[in-house]
Amino acid sequence: MSRQHLTPLFTGVRNHAEKQPIQFHIPGHKQGKGMDPEFRQFIGENALSIDLINIEPLDDLHHPHGIIKEAQELAAEAFGADHTFFSVQGTSGAIMTMIMSVCGPGDKIIVPRNVHKSIMSAIIFSGATPIFIHPEIDPVLGISHGITTDSVEKALDSHPDAKGLLVINPTYFGIAGNLKKIVEIAHSYDVPVLVDEAHGVHIHFHNQLPISAMQAGADMAATSVHKLGGSMTQSSILNVKEGLISPKRVQSIISMLTTTSTSYLLLSSLDVARKQLATKGEQLISEVITLAETTRARINKIDGLTCVGDEILGTKATFDIDPTKLIISVRDLGISGHEVEIWLREHYSIEVEMSDLYNILCIVTLGDTHEKLDILIDALSQLASDKANTTKTNQRSSVYVPNIPTLALSPRDAFYAETEVVPFHESAGRIIAEFIMVYPPGIPILIPGEIVTEENLSYIEENLKNDLPVQGPEDATFQSLRVIKEHRAIR
């Protein structure tokens, strides 16, 4: 009989709080009594009553043996993993754990270039050397897709000594490559597959969605339960299959990266989110898919807007798609995605997941309703009508994405190298020592160790001109960049 209806962690924490023990331990607010009254009233006493610490009755995330251990075992069963580790450091912490579990200084790891900043941070921390695979760029949408089986085969053939292959499944925009085949190729070289599954917690629980990392036989997967699975922000899991990976080393690394003051609010929310996905996920996700597909069809009837669907599939980089992600191209309206984001906020109080030069991204989840999507359709229809008169004179005709820069120095060496600051427009040809990215989604334009090109600078300026959230450099005004210091010969 399935035990997925149980919530040992949440139940244990709640039962402990209901006993109203006299607490002479942290946190100092003591179930909210020592907290600012206005905040306490807003948050609620129930939430504050389970904001606890790892005392003996509540187990310890660093050395789980009780209710946390049982909750993690139920999660492993639900996700088809041998071991599941809870993360209160978000998926970023889980991703760093994955990479640092298999890589040390000088070790090679094969990664797509369109990776989240946490992956590059982990490469710097571990001292690993990234071997980049160029992701396929969509010529219409201007977004990066997944890596192909051909590129994986080529990378492994050239670097069979790699300690790991990292795959994004699905991408931020919901596109998936042929993960099962990629795993088969990597395992033929005895190379473990690490999956950034930040945007795919739900895919494991419905057969109309791309297959999950565990279903594909991957060795590890960092999965954001909070993004699309119903837990609280910053709560994620790390799923592990034994064989090429040592679970004991994973436990050791994740413990090194995790605060000792773990949040029982976050941990409890992981427990109940797993229960809901395991017991009701298929039904709930079916409703989400229907709602998203209906909305997609309605958007595609609006002049000037396109919402991508199954027609994008068929290339080696677009093997499958998550229909709950609505990629809405606004290019034919003659305005940027960021302008659309601002318009929706100001006129309809709608907040989108992301905008870029050509698109907005809206996600449909377990928390959405027909009424909310009706408002989105009304807003987009009004926007298209308002912009119809300017479309012909202000239409964007081409999608521009710069080439991936040359990596001249390992990210770790560049990050710790002697550096200097130079004017932004004089940085072309220099080796950058800091990150530059548009966040969200957090995919770097430049990473430490890459050679800056004029093309990169133009792309950064275009994003800044369109008020997109470019960030990373010490100089937030982008008047200067930090680069590797050049040592000239003594004359």
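Above this text sits the structure in question.
Counting from 1, residues in each chain are numbered in the order their sequence is written. In keeping with the predicted nature of the model, local features appear solely for residues at pLDDT of at least 70, side-chain atom pairs appear and are counted solely at 80 or more, and the whole-chain, interface and lining totals rest on all residues. Hydrogens and waters are ignored; side-chain quantities use all the structure's heavy atoms.

### A short note on the environment of Asn178
How we decide: Here a helix means four or more residues in a row that DSSP labels H or I, a strand means two or more in a row labelled E, and each is numbered from the N terminus. Contact criterion: two residues are considered in contact whenever any of their non-hydrogen atoms come within 4.5 Å of each other.
Positionally, Asn178 belongs in the loop between strand E5 (175–176) and helix H8 (179–188). Sequence spacing of Asn178 and Asp320 is 142 residues, and the spatial spacing of their C-alpha atoms is 7.7 Å. Apart from residues lying up to four places away in sequence, Asn178 is in contact with Thr149 and Phe319.

### Some words on the sheet that holds strand E6 (residues 193–197)
Put simply, the rule is: Paired strands are those between which DSSP finds at least two bridges. Under this scheme, a helix contributes an axis fitted over its contacting stretch, all axes are lines through C-alpha atoms, and angles between N-to-C directions fall in the 0 to 180 degree range.
Strands sit in the order E1-E8-E7-E6-E4-E2-E3 across an open sheet of seven strands; the sheet is mixed. Looking along the sheet, the strands with just one partner apiece sit at the ends: strand E1 (83–87) and strand E3 (129–133). Adjacent strand axes in the sheet meet at a mean angle of 20 degrees, parallel and antiparallel pairs treated alike. Across two bridges, strand E2 (residues 108–112) lies against strand E4 (residues 164–168) in parallel orientation. Bridging from a neighbouring strand, Ile110 pairs with Leu165 of E4. Taken strand by strand, helix H4 (residues 67–79) contacts E1 and strand E8 (236–240), and its axis lies near 120 degrees from that of E1.

### Considerations on the pattern of salt bridges
Formally: A pair is scored as a salt bridge if a Lys or Arg side-chain nitrogen falls within 4 Å of a carboxyl oxygen belonging to Asp or Glu. For every residue, the accessible area (1.4 Å probe, protein chains only) is compared with the maximum for its type, and the residue is labelled buried under 20%, exposed over 50%, or partly exposed between those bounds.
For the structure shown, the criterion picks out 14 salt bridges. With a shortest N-O distance of 2.8 Å, Arg3 and Glu70 are connected by a salt bridge. On the criterion of sequence distance, the pair formed by Arg3 in the segment before helix H1 (8–18) and Glu70 in helix H4 is long-range, its members being 67 residues apart. Note on Glu70: relative accessible area 27%, which makes it partly exposed. When the shortest N-O distance is used, the salt bridge between Lys69 and Glu73 registers 2.6 Å. Placement of the pair is Lys69 and Glu73 together in helix H4, with a separation of four residues, close to one helical turn. Judged by relative accessible area, Lys69 falls into the partly exposed class, the value being 36%.

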